[in-house]
Amino acid sequence: MSRGLILPEGYSTVIDLMESQRAIKKIKDFFQQELAYGLNLRRVSAPLFVTPESGLNDNLNGVERPVAFTLKGQDERTVEIVQSLAKWKRMALGKYEIEPGKGIYTDMNAIRRDEEADNLHSIYVDQWDWEKSIRQSDRNEEYLKETVITIYNAMKNLGDYVNRIYRDIQTELPNEIFFITTQELEDLYPELTPKQREDKIAEEKRAVFIMKIGGRLKSGEPHDGRAPDYDDWELNGDIVLWNDVLGIAYEISSMGIRVDENSMLKQLKLADAENRSELPFHKAILNQELPYSIGGGIGQSRLCMFFLRKAHIGEVQVSVWPEDMIEECKANNIFLL
């Protein structure tokens, strides 16, 4: 969801372009080690594209168009660039025969052609995608919260590391992350939009996990869109931090316990997408052929942007931006790569 371009008054980057490039590598190296250690994950290779008929591509909110192309020498077969790896990772857990309590992570690179460019959104997406095998008995809110706390502690450790290296960059996070459901948030601020509610709670708590995203609230509207066939809408959420530079709620990770055979059927029906149950991935879930799992994505550029106190994601990644945005940013001391 685009907010439009935000131009912080009096902004200037704390470290220059080349030092920023060195810092980006340090941040990525440090954080992925913290994440892998905390969640007991091993790195694996990931696809850049999949076939549409596999059902493995992420439909996101159901309206985004994947980038597709045909293959020479394979009867002009069509493949799609991934929009995320939410489904592929669970298939990979089964392929690698990962036992409960262990998992995988990978570098995910994607193109989202319909993304509306702003300070946080780019058509180029880079994130750590991770997935962990769990027991059916782990499919509960307590296990979800424990996992969130582990990831948040890795972020806190990263913040301390960056603060030590760059004395002019001091980013403070609270000791604990605050948990709240989307319905509790709507009850607190019924007159606000979902995005305004996130701003309100993030500014107050500074680090929040907003739970139960996808289903309709008492108002009749969902807090935000979620595909019906990977996260369990009762056991998922977003890690949201308060961004001082931009003065907004800042989503850093979307994650959740994945659907089982029962929640998948329920959510496909709610989303009027029951036809997907015939796809290979969906059949494997319904036939209990894949591990139960928890997983998510953590934005690499977003993490770098936040801890380096940058005003635009284009300061830490190379993408394509509207010409008027490039000029407007330059006039306000924001130089896009």
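Residues numbered from 1 in each chain as written. Predicted model: local features only at pLDDT ≥ 70, side-chain atom pairs only at ≥ 80, totals over all residues. Heavy atoms only, no water.

By the naming in an unreviewed UniProt entry, the chain is Aspartate--ammonia ligase, taken from Anoxybacterium hadale.

Enquirer: I keep staring at the packing of aromatic side chains and nothing clicks. Help me out?
Expert: Summed over the entire model, instances satisfying the criterion amount to 6 aromatic pairs. Considering the side-chain rings of Phe-31 and Trp-128, the 5.2 Å spacing of their centres and the 45° angle between planes classify their relative orientation as tilted. Of this pair, Phe-31 sits in helix α1 (residues 17-39) while Trp-128 is found in strand β6 (residues 124-134), placing the two residues 97 residues apart along the sequence. When sorted by exposure, Phe-31 lands in the same class as Trp-128, which is buried. On the basis of an interplanar angle of 85° and a centroid distance of 5.7 Å, the ring pair of Phe-49 and Phe-69 is categorised as edge-to-face. Of this pair, Phe-49 sits in strand β2 (residues 49-50) while Phe-69 sits in strand β3 (residues 68-71); the two residues are 20 residues apart in sequence, bridging distant segments of the chain. Linked through ring pairs, Tyr-250, Phe-306 and Phe-307 together constitute an aromatic cluster. Over the ring of Phe-179 we find Lys-145, and its NZ or CZ is 5.3 Å from the ring centre. The aromatic ring of Phe-178 is capped on one face by Lys-205, whose charged end is 4.5 Å from the ring centroid. (Phe/Tyr/Trp six-rings, centres within 6.5 Å; stacked < 30°, edge-to-face > 60°. Helix = DSSP H or I, 4+ residues; strand = E, 2+ residues; numbered from the N terminus. Buried < 20%, exposed > 50% of the residue type's maximum accessible area, 1.4 Å probe, protein only. Lys NZ or Arg CZ within 6 Å of the ring centre and 35° of its normal.)

Enquirer: Would you mind showing me how to read the packing of α1 against helix α8 (residues 300-307) here?
Expert: A pair of packed helices is captured by two measures, namely the crossing angle of their axes and the spacing between those axes. Two elements in contact, α1 and α8, have axes whose closest approach is 10 Å; the angle formed by their N-to-C orientations is 115°. Crossing of α1 against α8: the hand is right-handed. For the pair formed by α1 and α8, the contact residues are Ile-24, Ile-27, Lys-28 and Phe-31 on the first element and Gln-300, Leu-303, Cys-304 and Phe-307 on the second. Class assignment of the residues belonging to the contact of α1 with α8 gives a composition of 6 nonpolar, 1 polar and 1 charged. (Axes fitted to C-alpha atoms, helices over the stretch in contact; angles between N-to-C directions. Left-handed = near helix turned anticlockwise from the far one by under 90°. Contact = heavy atoms within 4.5 Å. Nonpolar A, V, L, I, M, F, W, Y, C, P; charged D, E, K, R; others polar.)

Enquirer: When you look at the state of the cysteines in this model, what are you seeing that I'm missing?
Expert: One way to say it: the disulfide is the covalent bond shared by the sulfur atoms of two cysteines. Overall, the coordinates contain 0 disulfides when judged by the stated rule. Cysteine Cys-304 is unpaired, with the sulfur of Cys-329 as its nearest cysteine sulfur at 18 Å. Relative accessible area serves as the criterion here: at 0%, Cys-304 is assigned to the buried category. With relative accessibility at 0%, the residue Cys-329 sits in the buried group. (Disulfide = S-S within 2.5 Å.)

Enquirer: What am I meant to see in the sheet that holds strand β7 (residues 178-181) here?
Expert: Read from one edge of the open sheet, 8 strands run β1-β5-β6-β11-β10-β9-β8-β7, paired in mixed fashion. Each having just a single partner strand, β1 (41-43) and β7 make up the two edges of the open sheet. The sheet shows a mean angle of 25° between the axes of neighbouring strands, direction not considered. Across 4 bridges, β7 lies against strand β8 (residues 207-211) in parallel orientation. Note that in β8 the partner of Phe-179 across the bridge is Phe-209. Docked against the sheet, α8 engages β5 (103-111), β6, β9 (231-243), β10 (248-258) and β11 (292-299), running at close to 145° with respect to β10. (Pairing = 2+ DSSP bridges.)

Enquirer: Is there a simple way to think about the pattern of salt bridges in this case?
Expert: Between side chains of opposite charge, a pair can form as their charged atoms come close. Counted under the stated rule, the structure contains 25 salt bridges. Salt-bridge contacts for Asp-126 lead to Lys-28; the nearest nitrogen and oxygen are separated by 3.8 Å. Here Asp-126, found in strand β6, pairs with Lys-28, found in helix α1; they are 98 residues apart in sequence, far enough to count as distant. Taking relative accessible area as the criterion, Lys-28 reaches 23% and is therefore assigned partly exposed. The salt bridge involving Arg-276 is made with Asp-229; its shortest N-O contact spans 2.8 Å. On the criterion of sequence distance, the pair formed by Arg-276 in the loop between α6 (261-270) and α7 (280-286) and Asp-229 in the loop between β8 and β9 is long-range, its members being 47 residues apart. A relative accessible area of 17% places Arg-276 in the buried class. One connected set of salt bridges, linked through shared partners, spans Lys-89, Asp-129, Glu-131, Asp-231 and Arg-258. (Salt bridge = Lys/Arg side-chain N within 4 Å of Asp/Glu carboxyl O.)

Enquirer: Looking at this structure, I do not really get the packing of α1 against helix α3 (residues 141-165). What am I missing?
Expert: Between α1 and α3, the least distance of the axes is 9 Å, while the angle of their chain directions is 150°. On the basis of the axis angle, α1 is roughly antiparallel to α3. The interaxial crossing formed by α1 with α3 has right-handed handedness. Packed against α1, whose contacting residues are Lys-26, Ile-27, Phe-30, Phe-31, Glu-34, Leu-35, Gly-38 and Leu-39, the element α3 presents Thr-147, Thr-150, Ile-151, Ala-154, Met-155, Asn-157, Leu-158, Tyr-161, Val-162 and Ile-165 at the interface. (Parallel < 35°, antiparallel > 145°, perpendicular 65-115°, else oblique.)

Enquirer: What am I meant to see in the sheet that holds strand β4 (residues 77-81) here?
Expert: The pairing of strands in a sheet happens through backbone hydrogen bonds and is either parallel or antiparallel. Strand order across the open sheet formed by 3 strands is β2-β4-β3, with antiparallel pairing between neighbours. Pairing within the sheet leaves two strands with one partner each, and these edge strands are β2 and β3. Alignment of β2 against β4, held across 2 bridges, turns out to be antiparallel. Paired with Phe-49 across the strands is Ile-81, a residue of β4.

Enquirer: Before we go on, may I ask you to explain α6 in this structure?
Expert: Every α-helix winds through 3.6 residues per turn, so residues three or four apart in the chain are directed the same way. For α6, the set of buried residues is Glu-261, Ser-263, Met-264, Gln-267 and Leu-268. Buried residues of α6, viewed axially, fall in a sector of 160°; they line one side. Across α6 from its buried face, at more than 90 degrees, point the exposed residues Asn-262, Lys-266, Lys-269 and Leu-270. Those residues of α6 that are buried lie in contact with β9, α7 and β11. The opening residue of α6, the one whose side-chain oxygen lies 3.1 Å from the backbone nitrogen of Asn-262, is Asp-260. After α6 finishes, the residue Asp-272 shows a positive phi value of roughly 55°. (Arc of directions from axis to C-beta. Polar contact = N/O pair within 3.5 Å; in protein donor to acceptor, adjacent residues only side chain to side chain.)

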